[in-house]
Amino acid sequence: MARLKLELAERVGTRSAEIEVRRLYNLGSATRNPESARAHQEEVAHIGVKIAFDIPAPRIYPLSPEVITTSDAIAVQGDRTSGEVEIVLLMTDTLYVGVGSDHTDRTLEKVSILWSKQACANVLAPTLWRFDEIAAHWDSCRLRSWVDGRLYQDCGVDVFKRPEELLDIVRMRTGSLPARDFAIFCGTYVSVDKSVGFGSDWRIELADPTLGRTIGHGYRVQNLLEEIRPEFRVPLAAKPL
């Protein structure tokens, strides 16, 4: 279980809350049009990642909720990790939406997508919106991410299945989704230059042009191995991946 201190933005104002997250699921290929997911699939295939295409999309990756953080700094092992912007659903007494980054160890991802996601933090921007207050104009919202100051991703949320549909899919495919206190990272979209990016400073954003507001968050990546002198560093793997 994870405990997160969040700001819940509602029509009546913004309130602070401490939220428990007891389940965490990451989704892959959660686009409305399956062809829209192909570019990102090809993007990760170029670095050796193999997707389980025999499993119906969107594919569900269950993770320990302890990996969720709202921190502005995370630690990794190695220099082949990267973030990506994602819609995040958080169910408490009602459904909230926000933005996050499913930071991933791309070297480990060649062996197991599940393990690679568990090995890194899932970064969540600490502000959330009530979904029922933006459901009518949800498709006008936009996602963006930057790495080391350059634009990395830019797409509308209408690329992805709507939150209501994703909730129904996860409920049906897990068979044990609790009524509340769970989070879902809803998958990502191809980068602007169609190649996986690496860097130290990441920024994510969810913009609502209808109401003129934005959720933004940034975080810095620290490679723990850099603390060890090169001649004393333990290999990342027993053999090259």
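Look above for the structure.
Residues numbered from 1 in each chain as written. Predicted model: local features only at pLDDT ≥ 70, side-chain atom pairs only at ≥ 80, totals over all residues. Heavy atoms only, no water.

What about a nonpolar patch on the surface?
Okay, so step 1: Taken together, Val111, Leu114 and Trp115 make up a surface patch of nonpolar side chains, about 310 Å² in accessible area.
Okay, so step 2: Tracing the chain through its elements places Leu114 in helix H3 (residues 113-118).
Okay, so step 3: Judged by its relative accessible area of 35%, Leu114 is partly exposed. (Patch = residues over 30% accessible without salt bridge, like charges linked within 9 Å, V, L, I, M, F, W, Y side chains within 5 Å. Areas by Shrake-Rupley, 256 points an atom, 1.4 Å probe, with all protein chains shown as cover. Salt bridge = Lys/Arg side-chain N within 4 Å of Asp/Glu carboxyl O. Helix = DSSP H or I, 4+ residues; strand = E, 2+ residues; numbered from the N terminus. Buried < 20%, exposed > 50% of the residue type's maximum accessible area, 1.4 Å probe, protein only.)

A short note on the pattern of salt bridges
Okay, so step 1: Counted under the stated rule, the structure contains 22 salt bridges.
Okay, so step 2: Glu109 is the partner of Arg106 in a salt bridge, and the nearest nitrogen-oxygen pair spans 2.9 Å. Highlighted residues: Arg106 and Glu109, both in helix H2 (residues 106-109), separated by three residues, approximately one helical turn. Each member of the pair, Arg106 as well as Glu109, carries the same accessibility label: buried.
Okay, so step 3: The shortest N-O distance in the salt bridge between Asp201 and Arg220 comes to 2.6 Å. Of this pair, Asp201 sits in strand S16 (residues 201-208) while Arg220 sits in strand S17 (residues 213-223), and the two are 19 residues apart along the sequence.
Okay, so step 4: Residue classification places Asp201 among the partly exposed positions, given a relative accessible area of 35%.
Okay, so step 5: By sharing partners, the salt bridges in this structure join Glu10, Arg15, Arg130, Asp132 and Glu133 into a single network.

As for helix H4 (residues 163-174)
Okay, so step 1: In this model H4 runs 16 Å from its N-terminal to its C-terminal C-alpha over 12 residues, within 8% of the 16 Å that 1.5 Å per residue would give.
Okay, so step 2: Buried residues of H4: Pro163, Leu166, Leu167, Ile169 and Val170, and no others. End-on view of H4: buried residues confined to an arc of 165 degrees, all on one side of the axis.
Okay, so step 3: Of the surrounding secondary structure, the elements contacted by the buried residues of H4 are strand S3 (23-28), strand S4 (59-63), strand S8 (85-91), strand S9 (95-102) and strand S15 (182-185). (Expected span 1.5 Å × (residues − 1). Arc of directions from axis to C-beta. Contact = heavy atoms within 4.5 Å.)

Topic: the sheet that holds strand S13 (residues 142-147)
Backbone-to-backbone hydrogen bonds join strands into a sheet, with any given pair of strands oriented parallel or antiparallel.
Okay, so step 1: Spatially, the five strands line up as an open sheet ordered S6-S17-S16-S13-S14, and their pairing is mixed. The sheet terminates laterally at strand S6 (73-76) and strand S14 (150-156), the two strands that pair on one side only. Direction aside, the axes of adjacent strands within the sheet are offset by 20 degrees on average.
Okay, so step 2: The pairing of S6 with S17 spans four bridges and is classified as parallel. Paired with Val76 across the two strands is Asn223, which belongs to S17. (Pairing = 2+ DSSP bridges. Axes fitted to C-alpha atoms, helices over the stretch in contact; angles between N-to-C directions.)

Considering the state of the cysteines
Okay, so step 1: As enumerated under the stated definition, the model contains zero disulfides in all.
Okay, so step 2: With no disulfide of its own, Cys141 has Cys155 as its nearest cysteine by sulfur position, at a separation of 12 Å.
Okay, so step 3: Overall, the relative accessible area of 1% leaves Cys141 in the buried class. (Disulfide = S-S within 2.5 Å.)

Describing the nonpolar core
Okay, so step 1: If you look at the biggest cluster of nonpolar residues, it comprises 32 residues, and the most contacted ones within it are Ile87, Leu89, Val99, Trp138, Leu143 and Ile184.
Okay, so step 2: At the level of secondary structure, the elements contributing two or more residues to this core comprise S3, S8, S9, H4, S15 and S16.
Okay, so step 3: For this core, the element with the highest residue contribution is S8, accounting for four residues.
Okay, so step 4: Leu89 has contacts with Leu95, Tyr96, Val97, Pro163, Leu166, Leu167, Phe182, Ala183, Ile184 and Cys186, leaving out every residue within four places of it along the chain.
Okay, so step 5: Residues Val88, Leu90, Leu128 and Phe185 belong to the second largest nonpolar core, which totals 18 residues. (Core = buried A, V, L, I, M, F, W, Y, C linked by side-chain atoms within 4.5 Å.)

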